[in-house]
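# Report on the structure
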Amino acid sequence: TQLLEQSPQFLSIQEGENLTVYCNSSSVFSSLQWYRQEPGEGPVLLVTVVTGGEVKKLKRLTFQFGDARKDSSLHITAAQTGDTGLYLCAGGGYGTASKLTFGTGTRLQVTL
Amino acid sequence: EPEVTQTPSHQVTQMGQEVILRCVPISNHLYFYWYRQILGQKVEFLVSFYNNEISEKSEIFDDQFSVERPDGSNFTLKIRSTKLEDSAMYFCAGGTSGYRNEQFFGPGTRLTVL
C-alpha cells in the first residue's frame, strides 16, 4: 500500500513569513502533483513534477520533487492571507489511467 | 477555460436506496476517475476508466458500485444500495496524459445517507 505523509498537518503563520510543507513516502511515484482544496470544493491542480530533482516555480510557490521520486516539498515565500487553504500532495502510479494516492494534507492559515 | 462539472451538488438519500452521481468531464479527456473524501479524511481512489472499461478499482469499489459512460460525454457512478458509511464527497476527475497523470477534479457531490 502506497502512503504519502504530509507535514506539518497544521500551520498557522503571519503574512510575510516563509514556510515549507513536506510530502514523504517510502514508495516511488511516476509523478507528483500538488493540489489546493477549499472547504466543500474539489482539489485544484497547482503543479505536476515528473523528473527526480525537478523544481517548478509558480509565483511565490516553489515545488521540488525528490531525487528518488519518493518525496516532495512546497515552499511559499512571503505568505499572503490568500494562501490560506488545504494543500494536498498526490503521487501518480505507472501505467494507463493510473490512480493518484493522496497525502494526508496540510492546512495552512495565514493571518495579518 | 473548460471545467469538470458534477450533478447534483448535494444528494440526500435513505439507506438502501440507489443513487447515481453524474459528471461531465472536459471534452478532450480520455481517462476518467472517481474519488471520495469522507469528512475530515484524505481523498481516496475508487475507480479509473479508460477506453470504455474499468482500468483499476480499489477495495472500496465493491459490487454495490458501478460506473458507466453511456453517451460519450457523461460519466456516472452508481451506488446500488447505499449504506451510512457511503456518506462522503464524491469527486469525478479526468485527464489526457498517461505519464504525467495530471487529473482535473470536479467540484464534487456531497452524498448524505440517512
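For the rest of this paragraph, the subject is the overall build of chain A. The helix and strand inventory of chain A stands at zero helices and eleven strands. Counting helices and strands in the order they occur from the N terminus, chain A gives β-β-β-β-β-β-β-β-β-β-β. Relative to the globule expectation of 13 Å for 112 residues, the C-alpha radius of gyration of chain A, 13 Å, shows essentially globular dimensions. With the C-alpha coordinates of chain A rotated into their principal frame, the extents come out at 45 × 30 × 20 Å.

Between two cysteines, a covalent bond joining their sulfur atoms is known as a disulfide. Overall, the coordinates contain two disulfides over all chains when judged by the stated rule. There is a disulfide in this structure between cysteine 23 of chain A and cysteine 89 of chain A, and the S-S distance comes to 2.0 Å. Its S-S torsion of approximately 80° makes the covalent link between cysteine 23 of chain A and cysteine 89 of chain A right-handed. You can see cysteine 23 of chain A sitting in strand β3 (residues 19-24) and its partner cysteine 89 of chain A sitting in strand β9 (residues 85-92), a full 66 residues away along the chain. Look at cysteine 23 of chain A and you get buried, because its relative accessible area is 0%. Cysteine 89 of chain A sits in the buried class, given a relative accessible area of 0%. Each sulfur of the disulfide joining cysteine 23 of chain B and cysteine 92 of chain B lies 1.9 Å from the other. Across the disulfide from cysteine 23 of chain B to cysteine 92 of chain B, rotation about the S-S bond amounts to roughly -60°, and the bridge is consequently left-handed.

Once that is clear, we can look at the interface of chain A and chain B. Chain A puts 25 residues into the contact, and the matching count from chain B is 23 residues. Roughly 1,900 Å² is buried in total at the junction of chain A and chain B, and carbon and sulfur atoms are behind 55% of that figure. Of all residues in chain A, Ala97, Lys99 and Phe102 of chain A give up the largest surface area on contact with chain B, accounting jointly for 27% of the area buried on that side. Remark: the boundary between chain A and chain B carries one salt bridge. Glutamate 56 of chain B is the partner of lysine 99 of chain A in a salt bridge, and the nearest nitrogen-oxygen pair spans 3.9 Å. Joining chain A to chain B, the criterion identifies nine residue pairs in polar contact (both at pLDDT 80 or more). Going through the elements one at a time, β4 (31-37), β5 (44-49), β9 and β10 (100-102) of chain A are the ones with two or more residues in the side of chain A that touches chain B. In terms of residue count, the dominant contributor to the side of chain A that touches chain B is β4 of chain A (four residues).

The next thing to look at is unusual backbone geometry. Working note: non-glycine residues mostly have negative phi, and peptide bonds are mostly trans. Backbone torsion omega between serine 7 of chain A and proline 8 of chain A reads -5°, so that peptide bond is classified as cis. Backbone torsion omega between threonine 7 of chain B and proline 8 of chain B reads -10°, so that peptide bond is classified as cis. Residue position: proline 8 of chain B is located in the loop between β1 (5-7) and β2 (10-13).

With that settled, consider the sheet that holds strand β6 (residues 55-58) of chain A. Residue and element names in this part refer to chain A. Taken together, the five strands give an open sheet; going across it, the order is β1-β3-β8-β7-β6, and neighbouring strands pair in antiparallel fashion. The two strands at the open ends of the sheet, each matched to only one other strand, are β1 (5-7) and β6. Averaged over neighbouring strand pairs, the angle between their axes works out to 15° when direction is ignored. In this structure, strand β7 (residues 61-65) lies alongside strand β8 (residues 71-76), joined through five bridges in antiparallel fashion. Across the sheet, the residue bridging to phenylalanine 65 is serine 72, located in β8.

All names here are of chain A. Note that threonine 81 resides in the loop between β8 and β9. The class for threonine 81 is partly exposed, based on a relative accessible area of 35%. Remark: the alpha-carbon pair of threonine 81 and leucine 58, spanning 23 residues in sequence, is separated by 17 Å.

Conventions we followed
- Residues numbered from 1 in each chain as written.
- Chains lettered and ligands numbered in written order.
- Predicted model: local features only at pLDDT ≥ 70, side-chain atom pairs only at ≥ 80, totals over all residues.
- Heavy atoms only, no water.
- Helix = DSSP H or I, 4+ residues; strand = E, 2+ residues; numbered from the N terminus.
- Rg over C-alpha atoms; globule rule 2.2 N^0.38 Å.
- Disulfide = S-S within 2.5 Å.
- Buried < 20%, exposed > 50% of the residue type's maximum accessible area, 1.4 Å probe, protein only.
- Contact = heavy atoms within 4.5 Å.
- Buried area = accessible area lost by both parts, 1.4 Å probe.
- Salt bridge = Lys/Arg side-chain N within 4 Å of Asp/Glu carboxyl O.
- Polar contact = N/O pair within 3.5 Å; in protein donor to acceptor, adjacent residues only side chain to side chain.
- Pairing = 2+ DSSP bridges.
- Axes fitted to C-alpha atoms, helices over the stretch in contact; angles between N-to-C directions.

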